[in-house]
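# A closer look at the structure
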Amino acid sequence: MTAATRTDVPIALEGDGVVLRTQVIGGGFSVGYVTLPQGADMGPAFKGLPGDACHCPHRGYLLKGRLLMHTAEGNETYEAGQAYYWAPGHVPVALEDSELVEFSPSEDFRKVIDHITSAMG
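Here's what I pulled together on the structure shown here. (Residues numbered from 1 in each chain as written. Predicted model: local features only at pLDDT ≥ 70, side-chain atom pairs only at ≥ 80, totals over all residues. Heavy atoms only, no water.)

## Points about the overall build of the protein
The secondary structure content of the protein amounts to 2 helices and 9 strands. Reading the helices (α) and strands (β) of the protein from amino to carboxyl end gives β-β-β-α-β-β-β-β-β-β-α. Whereas a compact globule of 121 residues would reach a radius of gyration of roughly 14 Å, the protein reaches 13 Å, a difference of no more than 12%. For the protein, the spread of C-alpha atoms along the three principal axes comes to 40 × 30 × 25 Å. Relative to its 121 residues, the protein shows a buried fraction of 43%. If you take every contact in the protein between residues at least 6 apart in sequence, the share linking residues at least 24 apart comes to 59%. With an accessible surface of roughly 6,500 Å², the protein has 53% of that area assigned to carbon and sulfur atoms. Separation between the mean location of the 8 positive side-chain charges and that of the 15 negative ones in the protein comes to 3 Å. (Helix = DSSP H or I, 4+ residues; strand = E, 2+ residues; numbered from the N terminus. Rg over C-alpha atoms; globule rule 2.2 N^0.38 Å. Buried < 20%, exposed > 50% of the residue type's maximum accessible area, 1.4 Å probe, protein only. Contact = heavy atoms within 4.5 Å. Areas by Shrake-Rupley, 256 points an atom, 1.4 Å probe, with all protein chains shown as cover. Lys, Arg positive; Asp, Glu negative; His and termini not counted. Charge placed at Lys NZ, Arg CZ, Asp CG, Glu CD.)

So this is what it looks like as structure tokens:
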């Protein structure tokens, strides 16, 4: 079995107040600790992915803040205290400073992270 605290998990992405810490946790899944400052729009980071959106499914819990999630089916708002499932094809925008913890298929998540880091330069 594997356990990981936020401070033990390495940073995979960081910039403009956005911080993603992720680590393989087991069973084909990774844990992600995400910090998004108010106004952060992940849309530009996903340009070039299928549908210009994140194609990795996530299950998680919003610890703090509010997020607007854009999908092909419409928009939905999530707020602190809610557990969630985000299917492939989503683009989050932070309406408030937000923190979340999520569990994602490691291989799919790695592809999204690799796309973002290659676009960053």
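Picking up after the structure, the text goes on.
## Description of the sheet that holds strand 5 (residues 66-71)
A sheet is described by the order of its strands in space; here 3 strands give the open sequence 6-5-8, paired in antiparallel fashion. In this open sheet, the two edge strands, each paired with only one partner strand, are strand 6 (74-79) and strand 8 (90-94). Mean inter-strand twist for the sheet, computed between neighbouring axes without regard to direction, equals 25 degrees. In the sheet, strand 5 pairs with strand 6 via 6 bridges, with the strands oriented antiparallel. Counterpart to L67 in the pairing with strand 6 is Y78. (Pairing = 2+ DSSP bridges. Axes fitted to C-alpha atoms, helices over the stretch in contact; angles between N-to-C directions.)

## Observations concerning the sheet that holds strand 1 (residues 11-15)
The strand order across the open sheet formed by 6 strands is 1-2-3-9-4-7, and the pairing between neighbours is antiparallel. The sheet is open, and its two borders are formed by strand 1 and strand 7 (83-86), each paired with just one other strand. Between one strand axis and the next, the sheet turns by 20 degrees as a mean value, whatever way the strands run. Here strand 4 (residues 58-64) pairs with strand 7 via 4 bridges, running antiparallel. By the bridge assignment, H58 is partnered in strand 7 with W86.

## As for the pattern of salt bridges
Under the criterion given, the structure shown has 3 salt bridges. The closest approach of N and O atoms between K111 and E107, which form a salt bridge, is 3.7 Å. With a gap of 4 residues between them, K111 and E107 both fall in helix 2 (residues 106-120), about one helical turn apart. Its relative accessible area of 45% is what places K111 among the partly exposed residues. A relative accessible area of 57% places E107 in the exposed class. (Salt bridge = Lys/Arg side-chain N within 4 Å of Asp/Glu carboxyl O.)

## Here we look at the side chain of S98
Position of S98 among the secondary structure elements: in strand 9 (residues 98-105). Given the relative accessible area of 1%, S98 is considered buried. Only 3.3 Å separates the side chain of S98 from the backbone oxygen of R66, close enough to count as a polar contact. In this structure S98 touches V34, T35, L36, L62, K64, G65, R66 and L67, once residues within four positions along its chain are discounted. (Polar contact = N/O pair within 3.5 Å; in protein donor to acceptor, adjacent residues only side chain to side chain.)

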